[in-house]
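# Observations on the model geometry
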Amino acid sequence: DVYINVTRGNINKLRGDYNNAQAQAAQKERAGQAVPEFLVTKMDNFQRQISEAEASIVEKENEKEMIRKEYAKDIDRLRYLVEQRKKAQQELMTN
């Protein structure tokens, strides 16, 4: 969860950076100037990083779900055993 939250924060920052670069490009266009290649490259890099980060989040979410499914039976069994232990202790105390 921490990784996902940090990655989401990074995505938000990247989107802000992208929006700033896009505003700079728009300002150049409105002034009748060509958009510098470095700015186009910068925007492309931001988009690529955003896409990679979003894919990473999806991958982590899938991993978490797979782990939950793998351990669900173990967790259910542990809960059952803990409950049985509590019942046994209560029976001992009432006898």
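This is a predicted model, so every value here is computed, not measured.

## Looking at helix 1 (residues 2–30)
In a regular helix each residue adds 1.5 Å, so 29 residues correspond to 42 Å; helix 1 covers 42 Å between its end C-alpha atoms and thus fits that length. Contacts from the buried residues of helix 1 go to helix 2 (37–94). Just past helix 1, the residue G32 takes up positive phi, approximately 80°.

## Section: the environment of E29
Relative to the helices and strands, E29 resides in helix 1. Considering only alpha carbons, one finds E29 and K64, 35 residues apart in sequence, at a separation of 45 Å.

## Observations concerning the packing of aromatic side chains
Here the distance between the centres and the angle between the planes together describe a pair of aromatic rings. Applying the stated criterion across every chain, the model contains zero aromatic pairs. If you follow K60 out to its NZ or CZ, it ends over the ring of Y3, 5.2 Å from the centre.

## With respect to the environment of Q22
When you line up the elements, Q22 lands in helix 1. As for Q22 and Q49, which are separated by 27 residues in sequence, their C-alpha atoms are 15 Å apart.

## Focus on a nonpolar patch on the surface
There is a patch of nonpolar side chains on the surface, built from I67, Y71 and I75 and spanning about 280 Å² of accessible area. Note on placement: Y71 falls in helix 2.

Conventions used here
- Residues numbered from 1 in each chain as written.
- Predicted model: local features only at pLDDT ≥ 70, side-chain atom pairs only at ≥ 80, totals over all residues.
- Heavy atoms only, no water.
- Helix = DSSP H or I, 4+ residues; strand = E, 2+ residues; numbered from the N terminus.
- Expected span 1.5 Å × (residues − 1).
- Contact = heavy atoms within 4.5 Å.
- Phe/Tyr/Trp six-rings, centres within 6.5 Å; stacked < 30°, edge-to-face > 60°.
- Lys NZ or Arg CZ within 6 Å of the ring centre and 35° of its normal.
- Patch = residues over 30% accessible without salt bridge, like charges linked within 9 Å, V, L, I, M, F, W, Y side chains within 5 Å.
- Areas by Shrake-Rupley, 256 points an atom, 1.4 Å probe, with all protein chains shown as cover.
- Salt bridge = Lys/Arg side-chain N within 4 Å of Asp/Glu carboxyl O.

Purely geometric numbers; function is a separate question.
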